[in-house]
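# Coordinates in review
One letter stands for each residue in the lines below.
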Amino acid sequence: MTTGPTPLIAANWKSNQYWEGCVEFINELKELLPEQFDLGHEPPVDVLICPPFPYIPLMGMLLEEATIYLGAQDVSRFDGGAYTGDVSAAMLADLECDYCIVGHSERRNVFSDTDELIAQKILQLIEQELVPILCVGESLETRDTGQAVDFTLGQLSALKTELGRCEADRLVIAYEPLWAIGTGRNAEPADAQEMCAAIRDWLRDNLRGYEKTVPILYGGSVKPENAAAYFCQTDIDGALVGGASLKANLFAQLVRLYKV
Ligand code: PGA
């Protein structure tokens, strides 16, 4: 039997959820996924929640007895100091975060995060032993002109040096086509598979060995109704979920779907 990357179901809460919502979500999740709250039980799929910055300490406490990882949605390019508003990787490590999303299309497009900036953020995360979840993906225009794969692999190539500095089992790639994020219009599973296979080949060609350990996630309007069609694809190792991760019952269904 060949063993591939450990599958990962990751929640990206974006700028949603408040203190009480976090508590209610975890209380519900305890009922729905009791095995994730049993430290003696080895779950077959990794589960991660990335709340907004202010709720990371609260979520850390709520998840103390759980086999659910904690992550952040962004990080400073600097290692600390006079950078008003920034949260450093060292702070995330101090709060016991395991993962951090970088290069999400909302950061690239709304906050103008460039490849150079994303590279600096990845290096900060490596320094603090956090696992970067690098998001890549094309616009609808790019897909319509048949350039989706070239464009997305180009995003990886721009960061090849930094990705090569992550240990092979300490990196996650999330393929998120822009037009599928938050729109309710999900990618065709076969198209997502084609892209994730191309990403896997890119890893094999450029960072040999990484193709065996780096989980490649699909993200973009994933919900319980469509998730199984992604999870059965050879090169899709899980999902990065926005909207459907805000409701404990939907998120729990996604985790369960991966287990079957
Ligand atoms: P969505 O968001 O599931 O709401 O489309 C996914 C993401 O942006 O990571």
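Above this text you will find the structure in question.
Structural notes, computed from the coordinates. (Residues numbered from 1 in each chain as written. Predicted model: local features only at pLDDT ≥ 70, side-chain atom pairs only at ≥ 80, totals over all residues. Heavy atoms only, no water.)

### A closer look at the overall build of the chain
In terms of regular secondary structure, the chain is built from twelve helices and eight strands. A compact globule built from 260 residues would reach a C-alpha radius of gyration of about 18 Å, and the chain, at 17 Å, matches this within 12%. Dimensions along the principal axes, computed over C-alpha positions, put the chain at roughly 50 × 45 × 35 Å. Within the chain, the fraction of its 260 residues that count as buried is 52%. Across the chain, every contact between residues at least 6 apart in sequence was considered, and the portion connecting residues at least 24 apart equals 73%. Accessible surface, the chain as shown: approximately 12,000 Å² in total, 49% of it carbon and sulfur. (Helix = DSSP H or I, 4+ residues; strand = E, 2+ residues; numbered from the N terminus. Rg over C-alpha atoms; globule rule 2.2 N^0.38 Å. Buried < 20%, exposed > 50% of the residue type's maximum accessible area, 1.4 Å probe, protein only. Contact = heavy atoms within 4.5 Å. Areas by Shrake-Rupley, 256 points an atom, 1.4 Å probe, with all protein chains shown as cover.)

### Some points on the pattern of salt bridges
Scanning the entire structure with this criterion turns up 13 salt bridges. For the salt bridge of Lys14 with Glu106, the shortest nitrogen-to-oxygen distance reads 2.8 Å. Of the two residues, Lys14 is situated in the loop between strand 1 (8-12) and helix 1 (19-32) and Glu106 in helix 4 (residues 105-110); the sequence distance between them amounts to 92 residues. Residue Glu106 is classed as partly exposed on the basis of its relative accessible area of 30%. Across the pair Lys121 and Asp74 runs a salt bridge, and its minimum N-O distance is 2.9 Å. Taken as a pair, Lys121 in helix 5 (residues 115-127) and Asp74 in the loop between strand 3 (69-72) and helix 3 (89-94) lie far apart in primary sequence, 47 residues in all. Here the residues in one salt-bridge network are Asp74, Arg107, Asp113 and Lys121, joined through shared partners. (Salt bridge = Lys/Arg side-chain N within 4 Å of Asp/Glu carboxyl O.)

### Considering the site of the ligand
Looking at the ligand, there are 13 residues lining it, with Lys14, His104, Glu176, Gly182 and Ser221 nearest. Between an oxygen atom of the ligand and a main-chain N or O atom of Gly182, the distance comes to 2.7 Å. Interatomic distance of 2.8 Å between a backbone N/O atom of Gly242 and an oxygen atom of the ligand. Computed on the free molecule, the ligand has an accessible area of 280 Å², of which 96% lies beneath the protein chains in the complex. (Near = heavy atom within 4 Å. Polar contact = N/O pair within 3.5 Å; in protein donor to acceptor, adjacent residues only side chain to side chain.)

### Notes on empty space enclosed by the protein
Applying the stated criterion across every chain, the model contains one cavity of 30 Å³ or more. Counted as a void, the largest cavity has a volume near 40 Å³. Every element with two or more residues in the lining of the largest cavity is listed here: helix 4 and strand 5 (131-136). (1 Å grid on protein atoms, 1.4 Å probe; cavity = no way out; pocket = protein on both sides within 12 Å on 5 of 7 lines; lining within 4 Å. Points joined across faces, edges and corners; volume = space filled by probe spheres on them.)

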